Amino acid sequence: MGLRICQSAAELAPFAKTGGLGDMVAGLARALGRAGHEVRAFLPFYAPIARLDHRFTLVDYLRDVELQLGSRRFRYSVFSARLPDSEVDVYFVHCPALYHHDSVYSSGWDEYLRYALLGRATLESCQRMGWAPDVVHVHDWHTALVPVYLRTLYAWDRLFARTRTVLTLHNLGYAGSFGAHVLPDLGLEASAHLLHQEDLAAGRVSFLRTGLLHADYLSTVSRTYAREIQTPEHGFGQEALLRARADRLVGIVNGVDYGEWDPARDPHLPHKYSARGLAGKGRMKRALLERVGLPFSERAPVIGVVSRLTAQKGLDLLFDVLPDLLTQRDLRFVALGSGEPRYESFLAWLQTSFPGRAWYYRGYHEELAHWIEAGADLFVMPSRYEPCGLNQMYSLRYGTPPVVRRTGGLADTVELWNPMTREGTGFPFEHFTPEGLRWALDYALRVYQDPEAWRQLQTNGMAKDFSWGLQVREYEELYRRALA
Ligand code: ADP
Ligand code: GLC
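Residues numbered from 1 in each chain as written. Chains lettered and ligands numbered in written order. Predicted model: local features only at pLDDT ≥ 70, side-chain atom pairs only at ≥ 80, totals over all residues. Heavy atoms only, no water.

### Side note on the site of ligand 2
Spelled out, the test is: Here a residue is near a molecule or strand as soon as one of its heavy atoms is found within 4 Å of it. A 3.5 Å cut-off defines polar contacts: any pair of N or O atoms within that distance qualifies, except that in protein one atom must be a possible hydrogen donor and the other a possible acceptor, and neighbouring residues in sequence count only when both atoms are side-chain atoms. All accessible areas in this document rest on Shrake-Rupley with a 1.4 Å probe, and a residue is counted as covered only by the protein chains that are shown. For this scheme, ten residues count as nonpolar: Ala, Val, Leu, Ile, Met, Phe, Trp, Tyr, Cys and Pro. Four count as charged, namely Asp, Glu, Lys and Arg, and the remainder, Gly too, count as polar. Either an automatic procedure or a domain database provided the assignment from which the domain bounds are taken.
Gly20, Leu21, His170, Asn171, Val221, Asn254, Arg308, Gln312, Glu386, Pro387, Cys388 and Gly389 make up every residue found near ligand 2. The separation between an oxygen atom of ligand 2 and a polar main-chain atom of Cys388 is 3.0 Å. Taking Gly389, its main chain carries an N or O atom lying 2.8 Å from an oxygen atom of ligand 2. Compared with its free state, where it exposes 310 Å², ligand 2 has 93% of that area covered by protein. Tallied by class, the residues present in the shell around ligand 2 amount to 4 nonpolar, 6 polar and 2 charged. When residues of the shell around ligand 2 are assigned to domains, at least three map to each of domain 1 (4-255 + 468-483) and domain 2 (279-462).

### Thoughts on the domain arrangement of the protein chain
Quick note on the threshold: Every residue pair with non-hydrogen atoms within 4.5 Å of one another is taken to be in contact. Basic side-chain nitrogens of Lys or Arg form a salt bridge, by our definition, when they fall within 4 Å of a carboxyl oxygen of Asp or Glu. Under the scheme used here, helices are H or I runs from DSSP no shorter than 4 residues and strands are E runs no shorter than 2 residues, and both carry numbers assigned from the N terminus.
One can read the domain layout of the protein chain as domain 1 (4-255 + 468-483) and domain 2 (279-462). For domain 1 and domain 2, the distance between their C-alpha centres works out to 33 Å. Every contact between the two is made by 19 residues of domain 1 and, on the other side, 18 residues of domain 2. Counting the contacts that link domain 1 with domain 2 gives 0 salt bridges. Put simply, domain 1 and domain 2 have 9 residue pairs in polar contact (both at pLDDT 80 or more) between them. Elements with a contribution of two residues or more to the side of domain 1 that touches domain 2: helix H1 (20-34) and helix H9 (223-228). Ranked by the residues each element gives to the side of domain 1 that touches domain 2, the list is headed by H9, at 4 residues.

The following block contains the structure:
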């Protein structure tokens, strides 16, 4: 029998996405819907969503709902829309007082209120719908208070008597930590004994840690990351708690939405291709280089990067490696991304220092991301840590072997090319050092010189199937465990 599953998150593609979180929540919701479950997803009605060319319907019985957060009174309404190409209803919490910013995240003082309200509006909407979810599935720190809310503010409501909670950790690097003075606004002043006592003693409250304590089950987005976060190196201070709850923690690699990311039918690409015929990929390489104004050469491989530019992504390693490599070899380098200024200035510097070889676009550009996946020969992701990572899986499908640091989801999805057995899909390197990256790039460039081996490597990657249709089974099993 199908389950009633409520998803609540800060991002959901295509409505709101800054990275893989939005892709993952949408892909999972869509796959659950296809598998016959009843899925309702909750998301803020961020100001940019309202400007999309999309029909949103005001939910009549969720109009002008009042919600008191401490001494502050808010009013919200809920709009709904179908998640494109799915059976899933998305509910958008419209609260202009909190979601008026021009971007998804705001870094304003009221960030805690924005997501506390999302969590509470999720539960109160279920109440008003008279809809008893079997599972409330929350993601990252933003909605991690929902499990404790079910144990406190909403414990009286029989509607939720059988509801279980799952918290998925997409990135331990963000804990949603605020001064303890926000407790009354969170509605948790009377439940302080349920919060992490050391945090409170230090005058802080963390959304994520509260979720780690109270969710019935925890999951993260790859098996390796599930192990890594139980160690001091990757646990961001949560490792002891995660170890204590290890029997409730599972790692499930994200699926890929091949409806969106498949070179055989990608609407963003002027030239399509598949493992059976790679001619279109050659044409995409030419088209990409022409688009960015770099000269084409059959023998010069194109290295691509599409990334949020944060320390997590490990692009520091490029500082040491790329200038030498671009000096010594005939290469093209094409990068897309935005974020911390030091990475942006480095990439801009590369472009001016290596004219005709390096190119950089600063910003977010959906179409260009698809073009780089298709037009590049190699894709680089030297992450310090990577809970799952989607781009390496897109690269595999696009016949663009990835060079990755062997960590988290990268370790679980990319296998080292073995010239003897002709198995493997890419070039993982072990140590987070410039030498590690340089070794992997040199290896990749050597294999590139052998067209037959390269072709085999590409085909190996393109044959991998990380589709949601497969991955969703593991979530179903997790939900059934939580409900058992
Ligand atoms: P993360 O979520 O940590 O950023 P993932 O690899 O899981 O890493 O997901 C990144 C997603 O965001 C991919 O879909 C990628 O194509 C997209 N993305 C990242 N930066 C950009 C950008 N500048 N322009 C377009 N898409 C981007
Ligand atoms: C986070 C992680 C990334 C993961 C994504 C979706 O943004 O950084 O590795 O793929 O969430 O789960």
